[in-house]
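Per-entry structural report
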Amino acid sequence: MAASVYLYTGPEIGERNDAIQAIKESLQKKYGAVEDYLFYASETPSSDFMASLMNGSLFSDSIFVLVKNAESIKKKDDIELISQWISSDPEPSSVLIFISDEFSVDSKLKKIIPEKNQKVFWELSAERKKPWLSNWFSKNGYSLADDAAELILEYVENDTESLRKECSRFLVCFPKGTKISVADVESVLSHNREENAFSLFDTMANLSTGENCVLEKSLEVLQKVLCSKENEPIVIIGGLTSCFRKLENYHRLRSEGKTDDFNLKINGFSSRKMKEQYKRASLVWSTGQVAAILSLLSSTHMEILSDGSFFSEVALQRLVYEIVVKKGVPSQIYQSDLS
């Protein structure tokens, strides 16, 4: 019997979350109480999350382990540990799911997971986006103007999780039966949208307005993010890291002459907004600067973990300055000559 281990990759978070939830509900229906764990492979040793499966549970009949950032799992020892658990024919009540926003993970990890349990969740195709939106509004008792749908797709990341979250605002603002117009979209999304790491990246990439203005606006957005529900410094750094890794991939595609619609789409740049955003960002930061910024993000992450949250806001403000003004060059730390 194949072990209950899955690998779900790709940027379509909504459909991926639905698939994960279906597995969890199936466990609950079959075994009752489920003890579930969430780990980040970029921060947690494989031995830690595998111990949750190998040691079993004292309180539940089923164990559900979700591991994010699966693209970080590359070491031979980690792969062997996971492989040993899979080959031990574990109880079907134990489930392990690896997920990644990237399209693929290390080939050694892919090889040990049954192919039937692997799935790439592609971003909605251009042909599916507007019908999905119209259907979602219809299910909730609303209708949607065609140009309003296009504007929503300009404002919101085009995975169904983000679309559901943002479009739920309309259910609060308007009575059932309303046909949502462009003006409605402007009033709800342009003014009420919460800032996050991705909107911070977009702000920093808009150097056409002048470096000083962008720095000021970026620090303002950072402050809004810190006041939002996504205010964890590690979450902010994780989001920015994801953006700059994507920019690194865009630079690679451009250097290979593969910025046509097909190659951009299969590499996760399918929406017009995203193509324009990363084209603009690629003119702001060179390949070398992107590598330096990724190194800065990593060192700032470690600094915050080491020093705690007390100085995290200052560290993030310095990070924004180093990305916008210094393009990835670390700031010099002042040292007094006085002993």
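Residues numbered from 1 in each chain as written. Predicted model: local features only at pLDDT ≥ 70, side-chain atom pairs only at ≥ 80, totals over all residues. Heavy atoms only, no water.

1. What to know about the sheet that holds strand 1 (residues 5-9)
In spatial order, the strands read 2-3-4-1-5; together these 5 strands make up an open sheet with parallel pairing. Because the sheet does not close on itself, it has two edges, and the strands there are strand 2 (34-40) and strand 5 (118-120). In this sheet, neighbouring strand axes are inclined to one another by 15 degrees on average, regardless of whether the strands run parallel or antiparallel. Helix-sheet contacts for helix 2 (residues 46-54) involve strand 2, strand 3 (62-68) and strand 4 (94-100), and the interaxial angle to strand 3 is about 165 degrees. (Pairing = 2+ DSSP bridges. Helix = DSSP H or I, 4+ residues; strand = E, 2+ residues; numbered from the N terminus. Axes fitted to C-alpha atoms, helices over the stretch in contact; angles between N-to-C directions. Contact = heavy atoms within 4.5 Å.)

2. A word on the nonpolar core
Core analysis: the biggest nonpolar cluster contains 38 residues, and F201, M204, L240, F244, L247 and W285 have the highest contact counts within it. Every element with two or more residues in this core is listed here: helix 9 (197-204), helix 10 (211-226), helix 11 (233-255), helix 13 (272-284), helix 14 (287-307) and helix 15 (312-324). Here the element with the most residues in this core is helix 11; it accounts for 8 residues. Apart from residues no more than four positions distant in its own chain, L247 is found in contact with F201, Y278, A281, S282, W285 and V290. Judged by nonpolar contacts, the second largest core, of 23 residues, contains W132, L163, I180 and L189. (Core = buried A, V, L, I, M, F, W, Y, C linked by side-chain atoms within 4.5 Å. Buried < 20%, exposed > 50% of the residue type's maximum accessible area, 1.4 Å probe, protein only.)

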